[in-house]
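Letter by letter, the chains look like this.
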Amino acid sequence: MTVDEHELRERLESDDDGVVEATLHEHFHPVPRAPLTYDWCPVVEEHADHDDDWVRRLIGVANAAERRLRVRRFRWRRRNHPDWPIILCEGDSWVAHPQLRDLTDHLLDEDRFQFNVWAMGAAGDCLDDMAREREQEHALDVLDASALLLSGGGNDLIHGFEALDAIEELASDPVQQALDTIDPFMSAVMCSMQTVLEGVRARAPELPIVVHGYDYLRVAKEGKGKYLGPHLDPMGITDDEQRRFLIKRLVDRFNEDLVVVGGRVPGVHVVDLRGMATDKWHDEIHPKKDGFEVMAAKIGQTLQRVIAAD
């Protein structure tokens, strides 16, 4: 069914969240505009007769509608629960996925957590950008937050996988070669993480900061996947056991280094999510909604504990 621009705008600018969500999912779909970054784009079949300017206008309206949804959800909860603590949530697609019920969705919508969550994350966010732009610090100037939840580093490491594509001569041990190639990106991630944490701590000396690591990502089988597998196939790392070994080494190091970096900044609490999603994976790097649910429960418990102790 074709819907004209005026009608779509009316629906997306509606005060009824149900109407906005239904319109997004019926007439748009999230598509990547860069690695791990999404826009809500009109369904092509419905709008094939419209030009690029029309499509760009609708993308802007749809993306703005999604941002308003989370703002309204926050305001609704705060209006109904003014005594619940405010959690500032910043980070990547683990807290801002356009298709999945991510960590923020569970913390924002479920009464068992008793939080008012201000969501400022975005799919595709890199720690390097957070360190440079410092939006989380600016938000603390205007938001009476009781804690910060920070999710980041995975997108930065994707660039490490992309660096594998530039390898011209393969070593006798391609797994170790891949680990060595990604190593400087891991170091850079931790430098950015420390910069972000120190910036927040300087701005808010007593604010509890909760940061999480990642679970063991599920690299796809040879010839499949779009985030990790395509960078391993050309290196001959095609055996499932080799692929799992490489991912385990990287994820373990990320979590271990995160504990070290977090320990350098007072008031930082690191949540270990390894092994929690089990087989609940949507794709190579994102759990399904029930995977995020069990992770959100652990993060929520940590937030409740550190806020109570503050």
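All residue numbers refer to position in the chain's written sequence, counted from 1. It should be noted that, the model being predicted, local features are given only for residues of pLDDT at least 70 and side-chain atom pairs only at 80 or more, the latter also being counted only at that level, while totals for whole chains, interfaces and linings use all residues. Side-chain measures here rest on the full set of heavy atoms in the structure, leaving out hydrogens and waters.

Undergrad: In this structure, what is going on with the sheet that holds strand β5 (residues 147–151)? I would like to understand it.
TA: The pairing of strands in a sheet comes from backbone hydrogen bonds and takes either a parallel or an antiparallel form. Spatially, β4-β3-β5-β6-β7 is the arrangement adopted by the five strands of the open sheet, whose pairing is parallel. With one partner strand each, in any of the chains shown, β4 (116–119) and β7 (268–271) form the two edges of the open sheet. Going across the sheet, the axis of each strand differs from the next one's by a mean of 25°, ignoring polarity. Any two strands with at least two DSSP-identified bridges between them are counted as paired. To qualify as a helix, a DSSP run of H or I must reach at least 4 residues; to qualify as a strand, a run of E must reach at least 2; elements of each kind are numbered from the N terminus. Axis angles are defined between N-to-C directions and span 0 to 180 degrees, where every axis is a line fitted to C-alpha atoms and, for a helix, only to the segment in contact.

Undergrad: Could you clarify how one ought to interpret the pattern of salt bridges in this entry?
TA: Two side chains carrying opposite charge are able to pair once their charged atoms lie near each other. A pair is scored as a salt bridge if a Lys or Arg side-chain nitrogen falls within 4 Å of a carboxyl oxygen belonging to Asp or Glu. Scanning the model with the defined rule gives 22 salt bridges in all. The partner of R73 in a salt bridge is D105, and the shortest N-O contact between them spans 3.1 Å. Of this pair, R73 sits in helix α3 (residues 52–80) while D105 sits in helix α4 (residues 103–109), placing them 32 residues apart in sequence. Per residue, the accessibility class of R73 equals that of D105, and both read buried. Close ionic contact of E133 with R132 constitutes a salt bridge, the shortest N to O distance being 3.9 Å. Only protein chains enter the accessibility calculation, which uses a 1.4 Å probe; a residue is then buried when its area is under 20% of its type maximum, exposed when over 50%, and partly exposed in between. Looking at R132, the relative accessible area reads 52%, which means it is exposed. Within the structure, one salt-bridge network assembled from shared partners comprises R73, R101, D105, D109, E110, R112 and E293.

Undergrad: Looking at this structure, how should I read helix α8 (residues 174–203)?
TA: Helical geometry note: an α-helix holds 3.6 residues per turn, so side chains three or four residues apart project in the same direction. Spanning 30 residues, α8 covers 44 Å between terminal C-alpha atoms, matching the ideal 44 Å at 1.5 Å per step. Of all the bends found along α8, the most pronounced is centred on D183 and spans about 35°, while P184, a proline, follows it within four residues. An expected span of 1.5 Å times one less than the residue number is assigned to each helix. Bend at a residue means the angle formed by two fitted axes: the first through the 7 residues ending at that position, the second through the 7 residues beginning there.

Undergrad: Whenever I open this one, the packing of aromatic side chains confuses me. Can you help?
TA: Each aromatic ring pair is summarised here by two numbers: the centre-to-centre distance and the angle between the ring planes. By convention, a stacked pair of Phe, Tyr or Trp rings (six-membered ring in the case of Trp) has centres within 6.5 Å and planes under 30 degrees apart, an edge-to-face pair has planes over 60 apart, and any other such pair is tilted. Across all of its chains, the model carries six aromatic pairs by this definition. Geometrically, the ring pair formed by W94 and Y214 is edge-to-face, given 5.0 Å between the ring centres and 90° between the ring planes. Placement of W94 in the loop between β3 (86–91) and α4 and of Y214 in the loop between β6 (209–212) and α9 (229–232) is noted, with a sequence separation of 120 residues between them. On the basis of an interplanar angle of 5° and a centroid distance of 6.4 Å, the ring pair of F113 and F115 is categorised as stacked. Both residues of the pair, F113 and F115, count as buried. Members of the aromatic cluster, connected to one another through ring pairs, are W94, Y214, F254, W281 and F292.

Undergrad: I'm lost on the nonpolar core in this one. Help?
TA: One recurring pattern in soluble globular proteins: nonpolar side chains tend to sit buried together. The nonpolar core is taken to be a set of buried Ala, Val, Leu, Ile, Met, Phe, Trp, Tyr and Cys residues, with the residues joined through side-chain atoms within 4.5 Å. Within the largest apolar cluster, 74 residues are counted, with the highest numbers of intra-cluster contacts made by W94, L107, F161, L228 and L246. When residues in this core are grouped by element, the largest group, 11 residues, is from α8. Those residues in contact with F161 that lie beyond four places of it in its chain are I182, L228, H231, L232, L246, I247 and L250. Core analysis: the second largest hydrophobic core is formed by 11 residues, L8, L24, L58 and L69 among them. Between two residues, a contact is recorded if the distance between any of their heavy atoms is within 4.5 Å.

That's the geometry; what it means functionally is another story.
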